[in-house]
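Observations on the three-dimensional arrangement
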Amino acid sequence: MEPESPWPALRVADWQATRDALQLWTQIAGKVRMAKAPMVNHWWHVTFAITPRGFTTGAIPDGNRFFSMTFDFVSQVLRIEVQGGREREVPLAPGSIADFYAQTMAALEALGIAVEIWPVPVEIEHVVPFAEDVEPRAYVPEHAAAFHGQLVQASRVLAIFRGRFAGKVSPVHLFWGALDLAVTRFSGRSAPRHPGGAPNCADWVMVEGYSHELASCGFWAGGGEEGAFYAYAWPEPDGYRERTIRPPEAFYNADGGQFLLPYEAVRTAADPDATLLAFLQDTYEAAADLAGWDRAALDYTPITGP
């Protein structure tokens, strides 16, 4: 019998409702981190890191102590922990966004964490404030757990790719605006002002995020039957979209201004890791070569032993 693949199959159409609820839940927790953590360029202080059980804000300062907020897809809870061991849990279950928001804010208050957030979703069309979103939402735990499995595999390979760069590079992290996993390399040069335009998001947010020349890549639950890996450059150099990118299933999406590689093309490949790494490397080289990055200084071969 063939061993089960560690790359989960999860059709976007099958878990759309769960994905939508999860995205709004993460925005609530992410906005708490944004309100409490010191600013880091490109909004790196607001993201989540992937863990064996889900994803977490990591340590957030609250006065002279730390707390964290973790989406645990094994126990199916949002766990809020404060330094010293006290914690509260909010169930991940069907229900309204308003209920989840109220439970989360009550849990923070019970732990003595005072915080105010902008209680409205961002980067989403047709938003409803969290406290007013009272319509029941579906949530299938198995779908969320499978998504976590996708993030684990994507994060693992993106970390390998990240290690091959000596310049300024982001962590492998999950942004809650679009619920996408990303890692971003920078040339070291400033970039033209970004025009903004993300739905229900102030333009200055994008201006900060794209203040410097970059090549970014990652994974999101869209763009393919089971999601897609993506890559783009800002600003996009001439000739970028015409480059041939491996594997053959990769293509340039003009509407999004990015290369896409369907997740299922990686999952079903004979060597998923090599297939994804080829896509990541080719798109990086297209951006760096066409824009004249100093690759001799920026590219890095990791040390593997004595």
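Residues numbered from 1 in each chain as written. Predicted model: local features only at pLDDT ≥ 70, side-chain atom pairs only at ≥ 80, totals over all residues. Heavy atoms only, no water.

Let's talk about the packing of aromatic side chains
Across all of its chains, the model carries 24 aromatic pairs by this definition. Residues Tyr240 and Phe259 carry aromatic rings whose centres are separated by 5.1 Å and whose planes lie at 70° to one another, so their mutual orientation is edge-to-face. Of this pair, Tyr240 sits in the loop between strand S10 (228–234) and strand S11 (251–253) while Phe259 is found in strand S12 (residues 258–262), placing the two residues 19 residues apart along the sequence. Taking relative accessible area as the criterion, Tyr240 reaches 0% and is therefore assigned buried. An aromatic cluster of at least three residues, connected via ring pairs, comprises Trp7, Phe219, Phe229 and Tyr263. (Phe/Tyr/Trp six-rings, centres within 6.5 Å; stacked < 30°, edge-to-face > 60°. Helix = DSSP H or I, 4+ residues; strand = E, 2+ residues; numbered from the N terminus. Buried < 20%, exposed > 50% of the residue type's maximum accessible area, 1.4 Å probe, protein only.)

Examining the side chain of Thr57
Checked against the element boundaries, Thr57 lands in the loop between strand S2 (54–56) and strand S3 (60–62). A relative accessible area of 3% places Thr57 in the buried class. Residues in contact with Thr57, not counting those within four places in the same chain, are Ala29, Arg33, Thr47, Phe48, Ser68 and Met69. (Contact = heavy atoms within 4.5 Å.)

Regarding the pattern of salt bridges
Scanning the model with the defined rule gives 18 salt bridges in all. Residue Asp72 is joined to Arg53 by a salt bridge in which the shortest nitrogen-to-oxygen separation is 2.7 Å. With Asp72 in strand S4 (residues 65–72) and Arg53 in the loop between strand S1 (49–50) and S2, the pair connects residues that are 19 residues apart, well separated along the chain. Close ionic contact of Asp62 with Arg65 constitutes a salt bridge, the shortest N to O distance being 3.0 Å. Here the two residues Asp62 and Arg65 agree in accessibility, since each one is buried. The structure contains a network of salt bridges with shared partners spanning Arg53, Asp72, Arg79, Glu87 and Glu89. (Salt bridge = Lys/Arg side-chain N within 4 Å of Asp/Glu carboxyl O.)

A few points about the packing of helix H3 (residues 141–162) against helix H6 (residues 272–291)
With their axes 10 Å apart at the nearest point, H3 and H6 run at an angle of 45° to one another. Viewed along their axes, H3 and H6 adopt a mutual orientation that is oblique. Between H3 and H6 the crossing geometry is right-handed. Together, Arg156, Val157, Leu158, Ile160 and Phe161 of H3 and Asp273, Leu276, Leu277, Leu280, Gln281 and Tyr284 of H6 make up the contact between the two elements. (Axes fitted to C-alpha atoms, helices over the stretch in contact; angles between N-to-C directions. Parallel < 35°, antiparallel > 145°, perpendicular 65-115°, else oblique. Left-handed = near helix turned anticlockwise from the far one by under 90°.)

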